[in-house]
Amino acid sequence: MIRFTIVLFFAFSCFTSLLAQDSFEKGLYLAQAKKYTLAIREFKSVLETNPANESAIYNLGNCYLHNKENGKAILYLEKYLKLNPSDEEAMTKIDQAYLQLGLNKTWKSPYSTTEILIFQVGPNTWVILSILLSIIMSWLIFLSFKEARKNTLALILLLFFLTISCLYSAFAAKQYIADERFAIVTEKSIPIFANDLGELTQNTLSEGTRVEFISMTKTNIKVRLEGGKTALIKSASVEFI
Amino acid sequence: MKLVALHITLLLSALTCLCQKPMVLLDVSPKDGEVGEILTITIKSNVQGELNVEMPSGFVHGYNVLNGMEQEMDYNTGKLVTYYYMSQTGAMNKEGSFSFGPAYIKKGNKVYRSNKVTVNIKKEQQENHTGTNISAKQLRQPAFGVIETSKSSIYEGEPLIVNAKIYSRFRPTELENYESYSLNGVVDKHDIGNAQRIFYEEIKIKGITLNTFTHDKKVVFPTGTGKTDIEPFKLILRRNFESIPLTSAETTFEIKPLPGNAPKDFTGGVGTYSISRKLGQANLKQGDVFTLVVEVTGIGNLHNIHEPKLNLPKGFILYGDPIVKEDFVFGARGAEGKITYEFNVQVTKFGELNLTGTSMSYFDPTKERYVTIRTGDDKIEVEKNDKFNLTVSSENESDENQAKEEIISLRPNENTKTPQSMYGTKAFWIAFGSPLCLAFLFGIWFKQKKEKQVIEGAVKKAKSSQKEIEAIFDQASISAKSGDHSNSYRLVEKGLQQAISVFLQSEHLVLTNRNELTQQLSSRNIASENINVLFQLLDRCEYVRFGFGETADSSTTIDQAKNWVSQNLRG
């Protein structure tokens with residue numbers, strides 16, 4: 001029964017990956033034929049089966065850009081840049097989207113250099129480093145039982161702090177991927193609320209604006225804008241990166 | 001003689017009776033078939049009456065029911081016998097062995113019964129073919145359809161000709177309720193060469209003459225890669241008042257991906273193409289805008305190609321999008337004709353300028369490779385125009401050209417998956433924690449082992465020391481027996497010193513320092529009277545060493561020393 005289940009699971013995985021590959025090729029073909037709406041549909045179906053397909057995310061952003069849906073283009077290109085923080089071509093594409101929206105600005109990463117560096121090293125690299133340090137530390141602990149020396153103990157202490165740092169970095173890198181702190185306004189314009197009772201302010205947020213999630217209120221979400229100001233908006237009005 | 005005549009009469013009467021016996025004969029054809037295959041049930045009888053046939057469950061009655069009669073001469077009686085026929089078609093909807101009949105004919109009060117026929121029905125065999133293979137099952141049917149494709153395997157973008165082909169044993173008078181075949185996900189399809197009239201062709205397959213005609217011919221341009229199914233077509237053929245529904249078999253074809261090393265100027269064309277270029281104006285001045293007409297002629301997916309890149313050198317600026325004129329038709333080879341692109345180009349430099357040729361690449365499916373074609377270069381003489389104000393710097397020209405010619409830059413499917421972080425998983429904590437745990441466990445074990453070794457060493461050392469001391473006292477006894485009491489007392493003193501040294505774990509013990517010795521022995525819980533006994537023994541040994549009491553018997557002293565050691569210094 002178990003074998004049957006394994007075979008069925010394997011067959012299903014192969015089938016879905018083949019379907020995803022087929023949709024990807026269709027998307028490429030349609031995009032090259034400038035049929036962006038159809039191409040967007042194909043790339044979206046690829047992401048349904050493999051949400052972390054970076055090429056599909058990039059191509060989707062690119063298609064939205066050429067289709068003049070700048071908010072969504074910025075969203076997907078930001079998602080792509082989150083996974084590839086140093087891709088200059090994607091940064092240029094976002095700048096193009098800003099230009100199309102009439103915004104005179106260039107793209108800046110919402111994440112700190114430390115966060116990006118920790119992620120770029122790779123979550124599993126930190127994990128492997130932690131395990132290696134743990135093995136070295138274990139060896140030194142064992143040696144210290146054999147013969148207690150000041151040097152050995154000092155080295156153990158140093159390795160202990162290094163191991164803790166690697167563990168924290170591994171945790172931070174994992175959190176970076178799952179992080180949904182930032183969101184993009186994908187609609188032309190969304191209202192800003194004065195309070196949870198539905199009263200509106202005169203201000204709105206335009207397409208392409210990036211906001212940082214602070215907290216949830218009863219009916220809305222509180223976000224921080226790029227200038228540092230806070231605003232109350234509907235969570236359905238934005239899409240998280 | 002009378003007897004002979006009587007026998008002949010009786011024989012003839014018997015024969016007559018036999019020949020005129022009511023007969024009901026049931027036949028089913030074929031006796032071995034497949035699920036869904038048409039079966040013909042025929043009942044032949046010389047009796048006319050109410051007919052009832054027992055059919056097995058799972059039998060689906062067909063449309064055709066034929067009744068008829070014919071007369072035959074019975075040569076035995078010389079009479080004409082009338083036979084009545086009833087024929088019905090149908091099919092079984094499940095596999096197995098089924099019994100047809102018996103058929104009953106009721107005439108008046110009498111019921112006449114036929115034989116039974118057993119038919120074996122097998123599971124329907126899946127037939128997937130490109131339209132060229134016709135199965136035995138299909139040949140047994142009065143009419144069948146296949147979907148024909150020009151190729152079983154094409155390249156991405158290559159045209160495919162698809163048509164319905166119908167084979168029948170008769171010439172249908174009409175075609176009704178036609179439902180076309182469908183290709184999953186294919187939207188780019190064009191009807192070609194469909195005539196309003198049906199043109200038959202007579203062919204022979206395995207000795208069977210069939211009338212065949214094609215219908216619903218299309219040229220399609222499938223997208224994507226891999227195997228694609230073509231769903232069957234359905235129709236009803238009419239032969240006078242008879243209707244024969246048929247559903248074709250489905251078919252598949254494969255779409256192969258284009259090779260990955262496409263040249264940069266690949267326009268998406270699959271087929272055969274040629275390119276030519278013409279300049280609109282001959283005499284140009286600096287700043288003039290002239291038309292550059294590029295004509296792409298070809299057969300294949302002409303309607304889907306992109307405009308070729310001009311790759312204008314410095315000194316030429318492209319203005320706007322080109323005017324595109326399409327002149328092609330869809331035929332049996334795909335889209336055939338030409339597309340003309342009229343570009344507007346401004347010349348910003350003067351002098352003898354070389355306009356490099358326009359190139360494009362296409363994929364030739366017969367050669368199975370990319371082919372690059374190119375127009376020739378054009379030499380243009382441009383007069384200097386002092387009034388022309390070059391507003392765009394030469395460094396920006398190529399950027400503008402780049403921007404205007406920009407096509408969407410896509411990434412290929414590397415299918416990268418962001419690796420799942422191992423942090424927090426059970427495997428991670430086991431890999432991280434187990435070396436530390438093992439280090440502590442082994443360390444503690446190692447330390448305990450070391451301590452044990454030290455203790456064992458000490459015990460061993462004590463035992464060997466004890467043996468040494470006993471050996472010394474034994475030597476003293478031997479000396480005493482041999483009369484060498486001086487040596488005997490010396491050995492006693494030596495034995496006592498060694499015993500106390502071992503007890504106190506002091507290698508450099510000095511017996512003369514009595515105060516210190518008393519302190520040390522007292523600290524090890526040796527009673528003061530026992531210490532005094534020791535000193536007395538030591539004094540006795542001293543007297544002999546200094547020459548006093550040389551002849552004193554040492555045996556008693558030896559025993560006393562031994563006893564003192566065993567009582568006070570054990571443990």
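Just so you know, these numbers come straight off a predicted model, no measurement behind them. (Residues numbered from 1 in each chain as written. Chains lettered and ligands numbered in written order. Predicted model: local features only at pLDDT ≥ 70, side-chain atom pairs only at ≥ 80, totals over all residues. Heavy atoms only, no water.)

Caption draft 1: Broad picture of the side chain of B:Thr340. Relative to the helices and strands, B:Thr340 resides in strand β27 (residues 334-347). On the basis of relative accessible area, B:Thr340 is assigned to the buried category, the value being 13%. (Helix = DSSP H or I, 4+ residues; strand = E, 2+ residues; numbered from the N terminus. Buried < 20%, exposed > 50% of the residue type's maximum accessible area, 1.4 Å probe, protein only.)

Caption draft 2: Spatial organisation of the environment of A:Thr92. Residues and elements named next belong to chain A. Tracing the sequence through the fold places Thr92 in helix α5 (residues 88-100). A residue is classified by how much of its surface remains accessible, and Thr92, at 43% relative accessible area, is partly exposed. Spatially, the C-alpha atom of Thr92 lies 8.2 Å from that of Trp107, the residues being 15 residues apart in sequence.

Caption draft 3: Examining the packing of helix α7 (residues 123-146) of chain A against helix α4 (residues 426-481) of chain B more closely. It is the contact of α7(A) with α4(B), at a shortest axis distance of 8 Å, that shows an interaxial angle of 5 degrees. By the criterion of interaxial angle, the relationship of α7(A) to α4(B) is roughly parallel. Split by residue class, the contact of α7(A) with α4(B) holds 17 nonpolar, 4 polar and 3 charged. (Axes fitted to C-alpha atoms, helices over the stretch in contact; angles between N-to-C directions. Parallel < 35°, antiparallel > 145°, perpendicular 65-115°, else oblique. Nonpolar A, V, L, I, M, F, W, Y, C, P; charged D, E, K, R; others polar.)

Caption draft 4: Up close: the interface of chain A and chain B. With 47 residues of chain A in contact, the opposing surface of chain B contributes 37 residues. Between chain A and chain B lies a buried interface of about 3,900 Å² when both sides are counted; carbon and sulfur atoms form 61% of it. Where chain A packs against chain B, one counts 2 salt bridges. Here B:Arg411 makes a salt bridge to A:Asp87, at a shortest N to O gap of 3.0 Å. Run the count over chain A and chain B and you get 13 residue pairs in polar contact (both at pLDDT 80 or more). Elements with a contribution of two residues or more to the side of chain A that touches chain B: α1 (2-32), α3 (54-66), α4 (70-83), α5, α7 and α8 (150-178) of chain A. (Contact = heavy atoms within 4.5 Å. Buried area = accessible area lost by both parts, 1.4 Å probe. Salt bridge = Lys/Arg side-chain N within 4 Å of Asp/Glu carboxyl O. Polar contact = N/O pair within 3.5 Å; in protein donor to acceptor, adjacent residues only side chain to side chain.)

Caption draft 5: Molecular detail of unusual backbone geometry. All names here are of chain B. At the junction of Ser29 and Pro30, the peptide bond is cis and its omega measures out at 0 degrees in the coordinates. Along the polypeptide, Pro30 turns up in the loop between β1 (24-29) and β2 (32-34). Following Gly101, the chain continues to Pro102 via a peptide bond in cis, the omega torsion being 5 degrees. Relative to the assigned elements, Pro102 resides in the loop between β7 (96-100) and β8 (103-107). A positive phi angle, near 55 degrees, is found at Asp216, a position not held by glycine.

Caption draft 6: View of a nonpolar patch on the surface. A contiguous nonpolar patch, built from A:Ile128, A:Leu132, A:Ile135 and B:Met422 and spanning about 340 Å² of accessible area, is present on the exposed surface. Here A:Ile135 shows up in helix α7. The class of A:Ile135 is partly exposed, set by a relative accessible area of 42%. (Patch = residues over 30% accessible without salt bridge, like charges linked within 9 Å, V, L, I, M, F, W, Y side chains within 5 Å. Areas by Shrake-Rupley, 256 points an atom, 1.4 Å probe, with all protein chains shown as cover.)

Caption draft 7: Spotlight on the confidence of the model for chain B. All names here are of chain B. Looking at chain B, the pLDDT average stands at 83 and 88% of residues meet or exceed 70. Across chain B, the element-wise mean pLDDT spans from 44 in helix α3 (residues 394-404) up to 93 in β7. Taken together, the stretch residues 126-131 has pLDDT below 50 and engages in 20 contacts with residues farther than four places along the chain or on a different chain. In the predicted structure, residues 392-405 sits below a pLDDT of 50 and forms 22 contacts with residues beyond four places in sequence or in another chain. In the model output, the complex is listed with pTM 0.42 alongside ipTM 0.74. (pLDDT = per-residue confidence, 0-100.)

Caption draft 8: Quick peek at the sheet that holds strand β10 (residues 117-122) of chain B. Residue and element names in this part refer to chain B. Spatially, the 3 strands line up as an open sheet ordered β2-β10-β7, and their pairing is mixed. Whereas interior strands pair on both sides, the edge strands pair on one side only; in this sheet they are β2 and β7. Ignoring which end each strand starts from, the neighbouring axes of this sheet average 35 degrees apart. As judged from the 3 bridges shared by β2 and β10, these two strands associate in the parallel manner. Residue pairing for β10: Asp32 is matched across the bridge by Asn120. (Pairing = 2+ DSSP bridges.)

Caption draft 9: Just the sheet that holds strand β20 (residues 234-239) of chain B, in detail. Residues and elements named next belong to chain B. Across the sheet, 3 strands lie side by side as β14-β20-β21; this open sheet has antiparallel pairing. A single partner strand is all that each edge strand has here, and the edge strands are β14 (174-179) and β21 (242-247). Each adjacent strand pair in this sheet contributes to an overall mean axis angle of 20 degrees, direction not counted. Bridging between β14 and β20 involves 4 bridges; their strand directions are antiparallel.

Caption draft 10: Looking closely at the packing of aromatic side chains. Taken as a whole and assessed by the stated rule, the structure comprises 29 aromatic pairs over all chains. A centroid spacing of 6.2 Å and a plane angle of 80 degrees characterise the contact between A:Phe145 and B:Phe440, whose relative ring orientation is edge-to-face. Remark: B:Phe440 occurs in helix α4 and A:Phe145 occurs in helix α7; the pair is interchain, linking two chains. When its relative accessible area of 21% is taken as the criterion, A:Phe145 is described as partly exposed. Ring centres of A:Phe213 and A:Phe240 lie 6.2 Å apart, and the angle between their planes is 75 degrees; this geometry places the pair in the edge-to-face category. One end of the pair, A:Phe213, is in strand β4 (residues 210-216); the other, A:Phe240, is in strand β7 (residues 238-240), with 27 residues separating them in the sequence. (Phe/Tyr/Trp six-rings, centres within 6.5 Å; stacked < 30°, edge-to-face > 60°.)

Caption draft 11: Just the pattern of salt bridges, in detail. Residue and element names in this part refer to chain A. In this structure the tally under the stated criterion is 24 salt bridges over all chains. For Glu226, the salt bridge goes to Arg210, with nearest N and O atoms at 3.5 Å. With Glu226 in the loop between β5 (221-224) and β6 (230-233) and Arg210 in strand β4, this residue pair connects regions lying 16 residues apart in the sequence. According to the relative accessible area criterion, Glu226 is partly exposed, its value standing at 45%. Put simply, Glu78, Lys105, Arg210 and Glu226 are held in one network by salt bridges that share partners.

Caption draft 12: Structural view of α3(A). Residues and elements named next belong to chain A. Here α3 spans 18 Å end to end across 13 residues, near enough to the 18 Å set by a 1.5 Å rise per residue. Buried residues dominate α3, accounting for 12 of its 13 residues. You can read the cap of α3 off the contacts: a side-chain oxygen lies 3.2 Å from the backbone nitrogen of Ser55, and it is on Asn53. Two residues or fewer after α3 comes Lys68, characterised by a positive phi angle close to 65 degrees. (Expected span 1.5 Å × (residues − 1).)

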